[in-house]
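Examination of the molecular architecture
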Amino acid sequence: MGDLHVREDNGVSYRDLFGEISREAEVLVLAGDLTDLGKPKEAELLAQDLKACSIPVVGVLGNHDYECGAAEEVAHILRDAGMKVLDGQSVEIDGVGFVGVKGFAGGFGRRMLGSFGEPAIKQFVGEAMNETLRLENAMRQVRAKRSLVILHYAPIPDTIESEPLEIYPFLGSSRLAETIDRFQVSAIVHGHAHRGRYEGRTPGGQRVYNVAQHIEKPTGKPYAILEI
């Protein structure tokens, strides 16, 4: 599940949902935007709810988690609560390798933004390329036969359908899919796009799932269940 957007003032608790997921699944994967404004207080509220989990929790941060410039503190709070927050790393749980990186924007296919022109554009593209390099390095560390890639930004356009075309370039980048397709993985999950399609495929045919809690899923719940 992704895009929880925990806030200080909305009174929404995920405790019961996390308890339900613990009865249905073996690992809980969170695909970024765990907080709404990246405030440590928001992370503390989520950390309290995570106590209801009796299964391992692994995931990545999203763009909202960086808003207040306290992403490191947010990650520290969640790690103290037992969550494995991945930022260009991999971890193996029960024979499955989990690889996580936030990812970045830049667009898709032939219309993907190139590193040309003003320094600001080159810096933007450089950030996207740095994220894909960190993703590749993490994937090379996986030794398990089964693996799940956790992103926040979308690696393909198929799973962001129904979002306004004008913001497609800011929802993800084909560079992520190009990197992933150099490896064989069991599945890829992402969030970020609150409107879109649940399932798609990379150019190499690998399964991609938009697991933002707002997306309609086969479970009929805010979370998806994948068998890896």
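Please refer to the structure higher up on the page.
**Digging into the overall build of the protein chain**
- Assigned secondary structure in the protein chain consists of five helices and nine strands.
- Ordered by position in the sequence, the α and β elements of the protein chain form the string α-β-α-β-α-β-β-β-α-β-α-β-β-β.
- The C-alpha radius of gyration computed for the protein chain amounts to 16 Å, which stays within 12% of the reference 17 Å derived for 228 residues, consistent with globular compactness.
- The principal-axis extents of the C-alpha atoms in the protein chain amount to approximately 50 × 40 × 30 Å.
- Considering only contacts within the protein chain whose residues lie at least 6 apart along the sequence, 71% involve residues at least 24 apart.
- Of the accessible surface of the protein chain, which amounts to about 10,900 Å², a share of 48% is contributed by carbon and sulfur atoms.
- Across the protein chain, the mean location of the 25 positive side-chain charges is 5 Å away from that of the 33 negative side-chain charges.

**Digging into the sheet that holds strand β1 (residues 28–31)**
- One open sheet holds the three strands; their spatial order is β1-β2-β3, and the pairing between them is parallel. Looking at which strands have only one partner, the edges of the open sheet turn out to be β1 and β3 (84–85).
- With two bridges joining them, strand β2 (residues 57–60) and β3 adopt parallel strand pairing. Of the residues in β3, the one forming a bridge with Val-58 is Lys-84.

**Quick look at the layout of surface pockets**
- Approximately 540 Å³ is the volume attributed to the largest pocket.
- Where the lining of the largest pocket is concerned, the elements lending two or more residues are α1 (15–24), β1, β5 (96–100) and β6 (146–150).
- Its residues assigned to classes, the lining of the largest pocket shows 17 nonpolar, no polar and five charged.

**Observations concerning helix α2 (residues 40–50)**
- When we look at burial in α2, the residues that qualify are Pro-40, Glu-42, Ala-43, Leu-46, Ala-47, Asp-49 and Leu-50. The buried residues of α2 occupy one face: seen down the axis, they fall within an arc of 170°.
- Tucked into the core, α2 has its buried residues touching α1, β1, β2 and α3 (71–80).

**Some thoughts on the pattern of salt bridges**
- Considering all chains together, one arrives at eleven salt bridges under this definition.
- Put simply, Arg-7 and Asp-9 hold a salt bridge, and the shortest N to O gap is 3.2 Å.
- Since its relative accessible area comes to 36%, Arg-7 is described here as partly exposed.
- The closest approach of N and O atoms between Glu-161 and Arg-197, which form a salt bridge, is 3.3 Å. Of the two residues, Glu-161 is situated in the loop between β6 and α5 (174–180) and Arg-197 in the loop between β7 (187–190) and β8 (199–201); the sequence distance between them amounts to 36 residues.
- On the basis of relative accessibility, which here comes to 35%, the residue Arg-197 falls in the partly exposed class.
- Overlapping salt bridges bring together Arg-7, Asp-9 and Asp-36 as one network.

**As for the nonpolar core**
- Phe-18, Leu-50 and Leu-78 are the most contacted members of the largest nonpolar core, which totals 26 residues.
- The set of elements that each furnish at least two residues to this core consists of α1, β1, α2 and α3.
- When residues in this core are grouped by element, the largest group, five residues, is from α3.
- Not counting residues within four places of it along the chain, the set of residues in contact with Leu-50 comprises Phe-18, Leu-30, Val-57, Leu-78 and Met-83.
- In terms of nonpolar packing, the next biggest core, distinct from the first, is built from 21 residues, Val-101, Ala-105, Ala-138 and Val-149 among them.

**Topic: α1**
- Every buried residue of α1 is listed here: Leu-17, Phe-18, Gly-19, Glu-20, Ile-21 and Ser-22.
- Along its buried surface, α1 packs onto β1 and α2.

What counts, and where the lines are drawn
- One numbering rule holds for all chains: residues counted from 1, following each sequence as written.
- Two thresholds apply to this predicted model, a pLDDT of at least 70 for residue-level local features and 80 or more for giving and counting side-chain atom pairs, whereas whole-chain, interface and lining totals are computed over all residues.
- No hydrogens and no water enter the side-chain calculation; it runs on all heavy atoms of the structure.
- Each helix is a run of H or I in the DSSP string that is no shorter than four residues. Each strand is a run of E no shorter than two, and both are numbered from the N terminus.
- Only C-alpha atoms enter the radius of gyration, while the globule expectation follows 2.2 Å times N to the 0.38, with N the number of residues.
- Contacts between residues were defined by any pair of non-hydrogen atoms, one from each residue, lying within 4.5 Å.
- Per-residue and other accessible areas follow the Shrake-Rupley method at a 1.4 Å probe size, with only the shown protein chains counted as cover for residues.
- Positive residues here are Lys and Arg, negative ones are Asp and Glu, while His and the chain termini are left out of the count.
- Lysine's charge is taken at NZ, arginine's at CZ, aspartate's at CG and glutamate's at CD.
- For two strands to count as paired, DSSP must find a minimum of two bridges between them.
- With a 1 Å grid spanning the protein atoms alone, the term cavity applies to any set of points in which a 1.4 Å probe fits but cannot get out, the term pocket to an open set with protein on both sides within 12 Å along at least five of seven lines, and the term lining residue to any residue with an atom within 4 Å of a point.
- Grid points are joined across faces, edges and corners, and a volume is the space filled by probe spheres set on the points.
- Basically, the charged four are Asp, Glu, Lys and Arg, the nonpolar ten are Ala, Val, Leu, Ile, Met, Phe, Trp, Tyr, Cys and Pro, and anything else, Gly included, counts as polar.
- Using a 1.4 Å probe on the protein chains alone, a residue whose accessible area is under 20% of its type maximum counts as buried, one over 50% counts as exposed, and one in between counts as partly exposed.
- Comment: arc refers to directions from the helix axis out to C-beta atoms.
- The term salt bridge refers to a pairing of a side-chain nitrogen on Lys or Arg with a carboxyl oxygen on Asp or Glu at a separation within 4 Å.
- What makes a nonpolar core is a set of buried Ala, Val, Leu, Ile, Met, Phe, Trp, Tyr and Cys residues whose side-chain atoms join them at distances within 4.5 Å.

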